Amino acid sequence: MIVKIETGWKSKLHSEFEKEYFIRLAAFIKEEYRNASVYPPGSLIFNAFDLCPFDSVKAVIIGQDPYHGPGQAHGLCFSVRDGVEFPPSLINIFKEIKEDLGIQVPSSGNLERWARQGVLLLNATLTVRAHHAGSHQRKGWEEFTDYVIKVLNDEKQNMVFFLWGAYAQKKGESIDRSKHLVLESVHPSPLSAARGFFGNKHFSRCNEYLIRNGIEPVNWS
């Protein structure tokens, strides 16, 4: 089936688009958009891929679900559109960046600036029904994003994977630690951040690893 996605990703993922699970998923998603409020807007479902071409990926942050409130989700995990109030987890991410790197908290929670530098902001599930967290889980998205992680793991070298919380850590179990850096901690949610997210220094550790391997570091501002 035809999926509009960045050409480099399309060449890597086209076989998934023809599989039965993805065809069923696409039918379900179309029906959901027709009959309910669904986030992000349909044109931004693959925004993380379009802003961060396959050849550019140097780091991956794995989230779970898109935000399910109006005007928040735009296809990048943890990110919100310009002018939207920062969700609690994003506030804590910015706090840790300030503590780790001395970078002041930005005025915008739109993380497109990270994506354009090669940070794939990947939710495990790419869509959600408004005000119903987890409503599109176990419909096929997880299988698709597992394959995305597999392709990156297999075909690239010296990437950094951020696995925050038990869900992301389980999803990243198969990543080859001998060829990539895997950074694990509790989730930045207010429920857990004080138990190991604050002080994890993941952002400086990421950049140190990239520099050590001759890769341009990420400007986390």
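Check the entry above for the structure.
Residues numbered from 1 in each chain as written. Predicted model: local features only at pLDDT ≥ 70, side-chain atom pairs only at ≥ 80, totals over all residues. Heavy atoms only, no water.

K.L.:
Help me get a handle on the overall build of the chain, residues and values and all.
P.N.:
For the chain, the helix and strand inventory stands at 8 helices and 6 strands. Secondary structure elements of the chain occur, N-terminal to C-terminal, as α-α-β-α-β-α-α-β-β-α-β-α-β-α. A compact globule built from 221 residues would reach a C-alpha radius of gyration of about 17 Å, and the chain, at 17 Å, matches this within 12%. The principal-axis extent of the C-alpha atoms belonging to the chain is close to 45 × 35 × 25 Å. Of all 221 residues assigned to the chain, the portion counted as buried reaches 55%. Look at the contacts in the chain between residues 6 or more apart in sequence, and 65% of them connect residues 24 or more apart. Total accessible area on the chain stands at roughly 10200 Å², and carbon and sulfur atoms take up 51% of it. With 26 positive and 25 negative side-chain charges, the chain shows a spacing of 1 Å between the two charge centroids. (Helix = DSSP H or I, 4+ residues; strand = E, 2+ residues; numbered from the N terminus. Rg over C-alpha atoms; globule rule 2.2 N^0.38 Å. Buried < 20%, exposed > 50% of the residue type's maximum accessible area, 1.4 Å probe, protein only. Contact = heavy atoms within 4.5 Å. Areas by Shrake-Rupley, 256 points an atom, 1.4 Å probe, with all protein chains shown as cover. Lys, Arg positive; Asp, Glu negative; His and termini not counted. Charge placed at Lys NZ, Arg CZ, Asp CG, Glu CD.)

K.L.:
Go over the pairing of strand β3 (residues 119-123) with me, naming the residues and quoting the values.
P.N.:
Counting buried residues along β3, 5 of its 5 residues qualify, which places the element largely inside the surrounding structure. Burial along β3 is two-sided: the residues Val119, Leu121 and Asn123 and Leu120 and Leu122 are all buried. Pairing between strand β2 (residues 59-63) and β3: 5 bridges, direction parallel. Within the sheet, the bridge partner assigned to isoleucine 62 lies in β3 and is leucine 122. (Pairing = 2+ DSSP bridges.)

K.L.:
Hey, could you go over the packing of helix α1 (residues 7-17) against helix α6 (residues 141-155) for me, with residue numbers and the actual values?
P.N.:
Put simply, α1 and α6 touch, their axes get as near as 11 Å, and they point 135° apart. Taken as axis vectors, α1 and α6 run oblique relative to one another. Pair α1 / α6 crosses with right-handed handedness. Two secondary-structure elements touch here, α1 through Trp9, Lys12, Leu13, Ser15, Glu16 and Phe17 and α6 through Phe144, Tyr147, Val148, Val151, Leu152 and Glu155. (Axes fitted to C-alpha atoms, helices over the stretch in contact; angles between N-to-C directions. Parallel < 35°, antiparallel > 145°, perpendicular 65-115°, else oblique. Left-handed = near helix turned anticlockwise from the far one by under 90°.)

K.L.:
Break down the packing of aromatic side chains for me, citing the residues and quoting the values.
P.N.:
Scanning the entire structure with this criterion turns up 24 aromatic pairs. Measuring from centroid to centroid gives 6.2 Å for phenylalanine 49 and phenylalanine 144, while their planes differ by 55°, and the two rings are tilted. Of the two residues, phenylalanine 49 sits in helix α3 (residues 47-51) while phenylalanine 144 sits in helix α6, which places them 95 residues apart along the sequence. Each member of the pair, phenylalanine 49 as well as phenylalanine 144, carries the same accessibility label: buried. (Phe/Tyr/Trp six-rings, centres within 6.5 Å; stacked < 30°, edge-to-face > 60°.)

K.L.:
Could you give an account of the nonpolar core, naming the residues involved and the relevant values?
P.N.:
In this structure, Phe49, Leu120 and Phe144 are the most contacted members of the largest nonpolar core, which totals 68 residues. Excluding residues within four positions of it along the chain, leucine 120 makes contact with Trp9, Ala48, Phe49, Cys52, Val57, Ala59, Val60, Ile61, Val148 and Leu152. (Core = buried A, V, L, I, M, F, W, Y, C linked by side-chain atoms within 4.5 Å.)

K.L.:
An account of the environment of isoleucine 149 is needed here, citing residue identities and associated values.
P.N.:
The topology assignment puts isoleucine 149 in helix α6. Distance from isoleucine 149 to lysine 171, taken between C-alpha atoms, is 8.6 Å for residues 22 residues apart in sequence. Sequence-distant contacts of isoleucine 149, that is, excluding residues within four places in its chain, are made with Ile62, Leu122, Phe161, Lys171 and Ile175.

K.L.:
Can you lay out the packing of helix α4 (residues 88-101) against helix α8 (residues 202-212) for me, pointing to particular residues and giving the numbers?
P.N.:
It is at 8 Å that the axes of α4 and α8 come closest, and there the two elements cross at 60°. Compared by their axis directions, α4 and α8 come out oblique. Across the interface between the two elements, Ile93, Glu96, Ile97, Asp100 and Leu101 from α4 touch His202, Phe203 and Ser204 from α8. Residues belonging to the contact of α4 with α8 are distributed by class as follows: 4 nonpolar, 2 polar and 2 charged. (Nonpolar A, V, L, I, M, F, W, Y, C, P; charged D, E, K, R; others polar.)

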